[in-house]
Each structure stands twice: as structure tokens, then as C-alpha cells.
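Remarks on the overall topology
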Amino acid sequence: MSVQKSPAPASSLVSRADASMHLRLKLEHFMKSKVYPAEQTLYAHALTEERWTIHPLMENLKQEAQRSGLWNLWMPADTAEGLSKLGLEEKWIGPRLTNEEYAPLCEMMGRSIWGPEVFNCNAPDTGNMEILARYGTRAQQHRWLIPLLQGRIRSCFGMTEPQVASSDATNISSVIRIQGNKCLVEGTKWWTSGAMDPRCKLCIFMGKSDKESTLIHKQQSMVLVPMDSSGVRVVRPLTVFGYDDAPHGHAEVEFKDVLLDAEDAILLGAGRGFEIAQGRLGPGRLHHCMRLIGMAERSLELMVERGRSRVAFGKPLAALGSFAGQLAECRIQLNAARLLVVQAAKVLDREGFKGAKGDIAAAKVAAPRAALRCIDQAMQVHGGAGVCQDTILPSLWAAARTLRIADGPDEVHLATLAKMELRFTRSML
């Protein structure tokens, strides 16, 4: 996350605004001319027996995005500065945007299920790259971060477990046994997004390394597990309302007697896993919210197009019944959610995750709800076409509904907000 420590000069702000607008226009053109036309081909491939392979079109789009300077847009300036000693070419670093500047770009990419990967701005890789950039050793960065930044490999994040309520990270039951210069990893993870991808070479794995510690937030560690390690087995893909999201996928993964070199594997140090997770989840949650706004915006556009072009009972659908009221309600809810996301991005830039915790929680509740409202109404206007494979709406709905659970369910974020409000109210008495 990027923390702005002092106001920038006015001339600098103007130049940054111009550069940000230029990026927005360039990205919008790329989405319209390259990404949207590719969707049907990529979606059709994802339904074939070859769906767990990578269609050449995706790699071609990634190369075009690199050449266009639309690569690693997610990376904030302070993270980029920390990578200066890796000797990377500037093209792999990105434009060093603030979270506020990145928000409209992330929204635009989120309008397509396939969009974020084209620009190397896809989850969980962005969060994993952030972890490696902030907490990895130079050796870990050279082995894993550089190929991720270059889009040559993919990664996954192993946290959620089938046997415990993983929204409470202290419940994690997987084990990391540190024995001298080795560590042994045991456990089963699921909803390990990206693990089905044939390019996935790394799992960042969270487990308990000291379950006897009286400090419950010091019991967990994170380790880097190569996916080709002995004892790592991808058990099965998991479906989201019938979608397996190939070739990315969400997998159940078994880790059995996985023996690793401790120096190569352990991130930051034993007992620092919870700390790393909190640093990762803040920007990651907000990126999901930004993409959700894009999903909702595209759904409303499709709703309007359908309402104008489809005729029933002698009139366009847009002239019938409650269409106008529903459209207006969707716009109100969507704009309110966008403002919450932008506010959270501003506070994250200024105060870091700790200061932005409440704002991010509010955005994480509001954005999926707004997106689901807009997508659902667009589906209603499309009728049968809205619930079948002929439109992008069902896949957008499935993704948005999942995000009321992923990266913390609504209930956790509402509880966070309530606690903060109660503390604030007490302090005012």
C-alpha cells in the first residue's frame, strides 16, 4: 500500500492527473479494441476439454499490454522503490500509481472477467507480489517475484481450510513444523484460487508454527511452497455456481509431509504470518471492490442497451413498467458504492491499512451489494438471455456473489465497523 506522507506540489499534482487520465484513455481503448472482442474466444475455450490450458490469445494480449505500457498498474510507488536493487527494467515496475489513481483503472479492468490478467493485475498474484516485495528476501524475490512481475508464472494463496471457519484466521489448523534448517508443511487448503492454472508455480501457505504460543496472533507463519514439491497434490477443482473458472480455477490442495529448506521458504520470520496477512488483505480487498464497480457499470450498460432495443407489448422495454425506477435505484446504489471505494483508497494512501480499516470494511460490504443489485436487474431485463451463456451477466453475478464471502464475509466487516463506531461514540461522551 502507498502511504502519502506529505502533500505534493500543485504542479506535480497536475502532471500526475494528466498522466493518470492518459492511462485511463489508453486502457479504455485497449479494453474496447482488444479485450472485449477476445472474451467470446476465451470463454469458448474455457468450456472445452482443453480448458485447463492457456489459450494463445491470452498470452498475445499480455504481450500487447506490456508493449502499450499497461503492465503492473497495481504497484504503488513505495513498493516499486523497494525493488530498485533487483535490477528490473522500468517496464516491469509499472507507473507507480496511488491507490486513488489506480481505482478507476482497476474498475475498468474489472468490467471483463478476463481483463485483470491481461495487465498482470489479477488476484491472487497482485497480493502475492506485494507480499514478496515487502517481506521476501532478495533470494526469494529473484526466484519468485521477478517471474511474477514479468507474467511468466502464476501463484496461489493457501489460507482457507475446509474443516474450520477460516474467516477467523486464528482457527487455521494447518501445521508448519520448523526443525533446524528445515520446515515440514502439513494440511489441506481449499478455495486456493489459481492453483489449477498450469502456470501456477508457487503457493504462499499459511499455517501454525507455534500453536502453544499465548499470543494467538503469533502462532501463524507463512511459507513459500513450490507447487512441484513432493507431497503437494491438487485434489480437485471447486465450482462457483457451476463455473469452474478455468483455466484459473479454485482448488482443494493437499500438503502432506512437504519438506522445505527453512531459509528459502519462511517469509519474514516464524510467527509473522498474521501480520503479513493483514498487510496483504487491505489493498487486496479494495482491489476487489474496484473491480466490482466495473462489473456493475458494465451490467447497467447492457441493461440500458437491452431496454432500448427490445420491444414487448408494442413498446421498448425501457418504456414499460418499473424499468426507469429500477435503473435509477441501481445508479444511486452504484455511485454510492463507488464513492466509498474512492474514499477508502484516499485514506489508504494517506494513513495506511490501519487508518483505512473502517473505510475498507464499508467498501467491502457496499460494493458487492451494489454490483449484485445492478447485475440482477440487468439479468431481469434480459429475460432468458440473462441467465444463460449468451451474455456475460451470469458469470459476473457468480463472481460478485462470491465476493460477499471471499476476503472476509460481510458479517466480519460489519462487526469491524460496529466496533469502531462504538469506540468512537464512547470517546465522544
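The structure presented is a predicted model; accordingly, all values stated were derived computationally and were not measured. Throughout, residues of each chain are indexed from 1 in the direction in which the sequence is written. Under the rules for a predicted model, residues below a pLDDT of 70 receive no local features and side-chain atom pairs below 80 are neither given nor counted, while totals for whole chains, interfaces and linings still include all residues. Excluded from the side-chain calculation are hydrogens and water; included are all heavy atoms of the structure.

1. Quick look at the overall build of the protein
- Secondary structure counts use DSSP, requiring at least four H or I residues in a row for a helix and at least two E residues in a row for a strand, with both numbered from the N terminus. A count of helices and strands for the protein gives 12 helices and 9 strands.
- A radius of gyration in this sense is built from C-alpha atoms; the matching globule rule multiplies 2.2 Å by the number of residues raised to 0.38. Taking 429 residues into account, the globule formula puts the C-alpha radius of gyration at 22 Å, and the protein, at 22 Å, falls close to it.
- Along the longest, intermediate and shortest principal axes, the C-alpha atoms of the protein span 80 × 60 × 45 Å.
- The buried share of the protein, taken over its 429 residues, is 52%.
- Only heavy atoms enter the contact rule, under which two residues are in contact if any of them lie within 4.5 Å. Excluding contacts between residues fewer than 6 apart, the proportion of contacts in the protein whose partners are at least 24 apart in sequence is 74%.
- Looking at the protein as shown, the accessible area adds up to about 19,500 Å², and 55% of this sits on carbon and sulfur atoms.
- Here the protein contributes 52 positively and 46 negatively charged side chains, and the mean placements of these two sets differ by 3 Å. A 1.4 Å probe rolled over the protein chains alone gives each residue an accessible area, and that area as a share of the maximum for its type sets the label: buried under 20%, exposed over 50%, partly exposed in between. Each accessible area is a Shrake-Rupley result for a 1.4 Å probe, and residues are judged covered by the shown protein chains and nothing else. Neither His nor the chain ends contribute to the count of charged residues, in which Lys and Arg are positive and Asp and Glu negative. Just so you know, the charge point we use is NZ for Lys, CZ for Arg, CG for Asp and CD for Glu.

2. Details of the packing of helix 10 (residues 323-382) against helix 11 (residues 393-402)
- All axes are obtained by fitting lines to C-alpha atoms, using only the stretch in contact for helices, and the reported angles, taken between N-to-C directions, cover 0 to 180 degrees. As a packed pair, helix 10 and helix 11 sit with axes 9 Å apart at the nearest point and diverge in direction by 155°. Relative to helix 11, helix 10 is oriented roughly antiparallel. Along this stretch, helix 10 crosses helix 11, giving a crossing that reads as left-handed. Of the residues in helix 11, those touching helix 10 at Pro 368, Ala 371, Leu 372, Ile 375, Asp 376, Ala 378, Met 379 and His 382 are Leu 393, Leu 396, Trp 397, Ala 400 and Arg 401. An angle below 35 degrees is read as roughly parallel, one above 145 as roughly antiparallel, one from 65 to 115 as roughly perpendicular, and any other as oblique. For a crossing to be left-handed, the near helix must be turned anticlockwise from the far one by less than a right angle; the clockwise case is right-handed.

3. Concerning the pattern of salt bridges
- The working definition used for a salt bridge is a side-chain nitrogen of Lys or Arg within 4 Å of a carboxyl oxygen of Asp or Glu. Per the stated rule, a full pass over the model turns up 26 salt bridges.
- Ionic pairing is found between Glu 161 and Lys 189, a salt bridge with its closest N-O pair at 2.8 Å. Residue Glu 161 is located in the loop between strand 1 (154-158) and strand 2 (175-179), and its partner Lys 189 is located in strand 3 (residues 182-193); the two are separated by 28 residues in the primary sequence.
- Given the relative accessible area of 3%, Glu 161 is considered buried.

4. Here's the deal with a positive patch on the surface
- Without a salt bridge and with relative accessible area above 30%, a residue can belong to a patch; like charges are then joined within 9 Å and nonpolar side chains (Val, Leu, Ile, Met, Phe, Trp, Tyr) within 5 Å. A cluster of basic residues, Lys 357, Lys 419, Arg 423 and Arg 426, forms a positive patch at the surface.
- If you tally residues by element for the positive patch, the top one is helix 12 (residues 410-428), at 3 residues.
- Mapped onto the elements of the fold, Lys 419 is located in helix 12.

5. What to know about the packing of aromatic side chains
- Stacked, edge-to-face and tilted labels apply to pairs of Phe, Tyr and Trp rings (six-membered ring for Trp) whose centres lie within 6.5 Å, assigned for plane angles under 30 degrees, over 60, and everything in between, in that order. Applying the stated criterion to the full structure yields 4 aromatic pairs.
- Ring geometry for Trp 190 and Trp 191: centres 6.2 Å apart, planes at 55°, overall tilted.
- The ring of Phe 205 is capped by Lys 189, whose NZ or CZ atom sits 4.9 Å from the centre of that ring.
- We note Arg 298 situated over the ring of Tyr 36; from NZ or CZ to the ring centre the distance is 4.5 Å. Over a ring means this: the NZ of a Lys or the CZ of an Arg is within 6 Å of the ring centre and within 35 degrees of the ring normal.

6. Details of the nonpolar core
- In this description, a nonpolar core means a group of buried Ala, Val, Leu, Ile, Met, Phe, Trp, Tyr and Cys residues linked to one another through side-chain atoms lying within 4.5 Å. Membership of the largest hydrophobic core comes to 97 residues, with the highest contact counts inside it found for Leu 27, Tyr 102, Phe 119, Met 222 and Leu 286.
- Among the elements that make up this core, the one with the highest residue count is helix 10 (23 residues).
- Apart from the residues lying within four places of it in its own chain, the contact partners of Leu 27 are Leu 70, Leu 73, Leu 105, Met 108, Met 109 and Phe 119.
- Formed by 21 residues, the second largest nonpolar core is a distinct cluster that contains Cys 156, Met 196, Cys 203 and Ala 251.

7. Overview of the pairing of strand 5 (residues 220-226)
- The element strand 5 is largely enclosed, with a buried count of 7 among its 7 residues.
- Side chains Gln 220, Met 222, Leu 224 and Pro 226 of strand 5 all project onto a buried face; the interleaved residues Ser 221, Val 223 and Val 225 project onto the opposite face, where all are buried too.
- One ladder, built from 7 bridges, connects strand 4 (residues 200-208) with strand 5; its direction is antiparallel. Bridge assignment links Phe 205 to a residue of strand 5, and that residue is Val 223. By definition, two strands form a pair when at least two bridges between them are found by DSSP.

8. Comments concerning helix 6 (residues 125-135)
- In terms of burial, helix 6 is largely enclosed, as 10 of its 11 residues are buried.
- The inward-facing, buried residues of helix 6 abut helix 3 (77-81), helix 7 (138-149), strand 1, strand 4, strand 5 and helix 9 (273-309).

9. A word on the environment of Val 164
- Relative to the helices and strands, Val 164 is located in the loop between strand 1 and strand 2.
- Judged by relative accessible area, Val 164 falls into the partly exposed class, the value being 25%.
- In this structure, the C-alpha to C-alpha distance between Val 164 and Arg 306, residues 142 residues apart in sequence, is 44 Å.
- Residues in contact with Val 164, not counting those within four places in the same chain, are Asn 171, Ile 172 and Ser 173.

10. Looking at the pairing of strand 2
- Note that strand 2 and strand 3 share 5 bridges and pair antiparallel. When the bridges of strand 3 are listed, Arg 177 appears paired with Leu 184.
- Connecting strand 2 to the next strand, strand 3, in antiparallel fashion are 2 residues, including Gly 180 with a positive phi near 65°.

11. Considering the packing of helix 9 against helix 10
- Relative to each other, helix 9 and helix 10 sit at 20°, their axes nearing to 10 Å. Taken together, the axes of helix 9 and helix 10 lie roughly parallel to each other. As for the relative orientation of helix 9 and helix 10, their crossing is left-handed in sense.
- Note on residue classes: Ala, Val, Leu, Ile, Met, Phe, Trp, Tyr, Cys and Pro are nonpolar, Asp, Glu, Lys and Arg are charged, and everything else, Gly too, is polar. Of the residues in the contact of helix 9 with helix 10, the class split is 31 nonpolar, 6 polar and 6 charged.

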